[in-house]
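Examining the three-dimensional arrangement
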Amino acid sequence: MAKLVDNGQEHTPELKEAVAALLSHVNAQKANFKPQDIANLLWAMAKLVDNGLDRTPVLKEPLVALLPHVNVQTTNFKPLGIASLLWSMAKLVDNGQERTPEFNEAVAALLPQVNLQKDQFNAQDIANLLWAMAKLVDNGQEQTPGLNEAVATLLPRVSAQKDQFNAQGIANLLWATAKLGELVELNLATSSFESLVYRISENLQFSQQEILMSLWGVMVCCARLALDSNANKNNVLEKHMDDLFTHLENTFPVNEVDQRIIAMAASWLGRECPVVPHYQTIVSKRQSNFRNQLQSSIPSLKIDEEKSLNSLPPVDLLLPDHNIVIEVQGPSHYVGGDFKTRNGSTLLKIALLQKAGFEVIEIPANQLLKKDLMKLYIDQIKIRIGIPPQGHSCVSLKRGWADAAYVTAEEHLAEQTNPAKRKKTNSQ
């Protein structure tokens, strides 16, 4: 039934009744299901939900019944089953499924199997697995050793099987690798992209959505290279970005996310933007508090808030007289919300702003819980705009680019309040 719906079958009342009738037996039969049965059932549920079936109790109850059995039978799943299960679970979460303790335990049990069975995954499995991991992370999955090892295990196999991926697989891989941001080591990300982008120029039939996903992925890779002063810039990737953008020049997507991708690509390439993207603005409490403190400290400072520059996503705070952007980065800007590992969307925004000529100051939101730390950041901003701060102590906001800034801020504060630690530091 899931396959029929995936191929366009309408959700008729009769179909919904048949699905409900079958799913009602899952709980009673759960002990009799083999590993492949469990994988097939979860895949079917994910497909049905993805194609518009409501997540009613009829669907939730069998999911609750099956998840513990994933954990129990983990070692019995074959490579296809592992890939199918993680893809299905990621698809369900992406469609609103709550990440319950049972759900998290099932994911945690499956991830080590990726490393154990790494040599047996085919190209489709690899694409599905990396897409699933990126989607899970995008929906709040925390970083764990199992997740990190699974990503590091799979990416080298992208290059090894580069000729086996179809258009959808290539788009999913480019998107997923980019979405994971700094979780993926830059050289590994770049080599994976280089092994895939040349396939785009072949006569593969990419849909508009696959072109958009690929374009976004390539932009993020270029952004990472631009932000790393030690990286060799890759003109080949920019050439593919230009080619992908050209394919979209005469399209006018209605989807807001797609419009934003086109606008960002136009900004990067210096091309005319064919769309006017719409952005929702949300001012966090910490952003508002920081703005008020900054304005109070420097009353004459002009501060714009939630301003869109060059059709790019709005910036938190703009100091227009100094070409400085201040981004108060909440957990959604980091992989797994760890306030250290920036995701692809964050990296792309920062690189685009720098490319447009703005200096960007990033402040992790968790660093604004302490007034003393907030003052250190304000003091550094004063230096940037030519106002000497009071006192002799200041913290550099330069980061390289992961966590040096706010770690330095905390260490700096500790040194100022702990003479013994300051003496020890000075003696090193």
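Keep in mind it's a predicted model, so treat the numbers as computed, not measured. (Residues numbered from 1 in each chain as written. Predicted model: local features only at pLDDT ≥ 70, side-chain atom pairs only at ≥ 80, totals over all residues. Heavy atoms only, no water.)

Details of the overall build of the protein
When helices and strands are tallied, the protein shows 19 helices and 4 strands. Residues classed as buried in the protein amount to 50% of the 428 residues present. In the protein, once contacts between residues fewer than 6 apart in sequence are set aside, the share between residues at least 24 apart is 67%. Surface exposure of the protein reaches about 20,200 Å², of which carbon and sulfur atoms provide 48%. (Helix = DSSP H or I, 4+ residues; strand = E, 2+ residues; numbered from the N terminus. Buried < 20%, exposed > 50% of the residue type's maximum accessible area, 1.4 Å probe, protein only. Contact = heavy atoms within 4.5 Å. Areas by Shrake-Rupley, 256 points an atom, 1.4 Å probe, with all protein chains shown as cover.)

Considerations on the layout of surface pockets
Any space left empty among the atoms is revealed by the rolling of a water-sized probe across them. Reported here for the largest pocket is a volume of approximately 1,400 Å³. As for the largest pocket, its lining consists of 44 residues, and the residues nearest its centre are R260, P313, S332, H333 and S345. Going through the elements one at a time, α8 (123-138), α10 (167-179), α12 (208-227), α14 (256-269), α15 (285-297), β3 (324-329) and α16 (344-355) are the ones with two or more residues in the lining of the largest pocket. Its residues placed into classes, the lining of the largest pocket shows 19 nonpolar, 16 polar and 9 charged. The space that makes up the second largest pocket amounts to roughly 540 Å³. Along the walls of the second largest pocket sit 22 residues, with K47, W87, K91, N128 and Q168 positioned nearest its centre. Breaking the lining of the second largest pocket down by element, the ones donating at least two residues are α4 (35-50), α6 (79-94), α8, α10 and α12. Within the lining of the second largest pocket, the residues separate by chemical class into 6 nonpolar, 9 polar and 7 charged. (1 Å grid on protein atoms, 1.4 Å probe; cavity = no way out; pocket = protein on both sides within 12 Å on 5 of 7 lines; lining within 4 Å. Points joined across faces, edges and corners; volume = space filled by probe spheres on them. Nonpolar A, V, L, I, M, F, W, Y, C, P; charged D, E, K, R; others polar.)

Concerning the packing of aromatic side chains
Overall, the coordinates contain 2 aromatic pairs when judged by the stated rule. Measuring from ring centre to ring centre gives 5.4 Å for Y334 and F339, while their planes differ by 45°; the resulting arrangement is tilted. Both residues of the pair, Y334 and F339, belong to the buried class. The lysine or arginine in question, K355, covers the ring of W268, its NZ or CZ lying 4.9 Å from the ring centre. (Phe/Tyr/Trp six-rings, centres within 6.5 Å; stacked < 30°, edge-to-face > 60°. Lys NZ or Arg CZ within 6 Å of the ring centre and 35° of its normal.)

Structural notes on the pattern of salt bridges
Tallied over the entire structure, the rule returns 13 salt bridges. Its salt-bridge partner being D243, residue K239 comes within 3.0 Å of it at the nearest N-O pair. Residue K239 and its partner D243 are located together in helix α13 (residues 235-248), separated by 4 residues, close to a single helical turn. A residue is classified by how much of its surface remains accessible, and K239, at 48% relative accessible area, is partly exposed. A salt bridge links D242 to R271; its shortest N-O distance comes to 2.5 Å. Here D242, found in helix α13, pairs with R271, found in the loop between α14 and α15; they are 29 residues apart in sequence, far enough to count as distant. (Salt bridge = Lys/Arg side-chain N within 4 Å of Asp/Glu carboxyl O.)

Side note on the sheet that holds strand β2 (residues 315-319)
As summarised here, the arrangement of the 4 strands in space is β1-β2-β3-β4, forming an open sheet in which the pairing is mixed. Edge positions in the sheet fall to β1 (304-307) and β4 (359-364), since each has one partner strand and no second. Mean inter-strand twist for the sheet, computed between neighbouring axes without regard to direction, equals 30°. Note: β3 against β4, 6 bridges, orientation parallel. Residue pairing for β4: V325 is matched across the bridge by V360. (Pairing = 2+ DSSP bridges. Axes fitted to C-alpha atoms, helices over the stretch in contact; angles between N-to-C directions.)

Re α10
In this model, α10 (13 residues) spans 18 Å end to end at C-alpha, consistent with the 18 Å of a helix rising 1.5 Å per residue. The buried fraction of α10 is high, at 12 of 13 residues. Listing the buried residues of α10 in full gives A167, G169, I170, A171, N172, L173, L174, W175, A176, T177, A178 and K179. Buried residues in α10 make contact with α8, α9 (145-160), α11 (186-200), α12 and α16. Trailing α10 by a residue or two, G181 shows a phi angle of about 50°, which is positive. (Expected span 1.5 Å × (residues − 1).)

Concerning the confidence of the model for the protein
In this model, the protein carries an average pLDDT of 86, and 85% of its residues clear a pLDDT of 70 or more. pLDDT under 50 marks residues 421-428. Its contacts with residues more than four places away, or in other chains, come to 5 contacts. (pLDDT = per-residue confidence, 0-100.)

Digging into unusual backbone geometry
Phi at S311 takes a positive value of approximately 65°, unusual for a residue other than glycine. Secondary-structure assignment places S311 in the loop between β1 and β2.

Details of the state of the cysteines
Structurally, a disulfide amounts to a covalent bond that connects the sulfur atoms of two cysteines. The tally for this structure, following the rule as stated, stands at 0 disulfides. C222 supplies the cysteine sulfur nearest to C221, a cysteine that is in no disulfide, at a spacing of 6.1 Å. For C221, a relative accessible area of 2% corresponds to the buried category. (Disulfide = S-S within 2.5 Å.)

Considerations on the packing of α11 against α13
Where α11 meets α13, the axes come as close as 10 Å, and the angle between the chain directions of the two elements is 35°. Of the two possible hands of crossing, α11 and α13 adopt the one that is left-handed. Between α11, through F193, V197, Y198 and I200, and α13, the contact on the second element is made entirely by L237, H240 and L244. For the contact of α11 with α13, the class distribution of residues is 6 nonpolar, 1 polar and no charged. (Left-handed = near helix turned anticlockwise from the far one by under 90°.)

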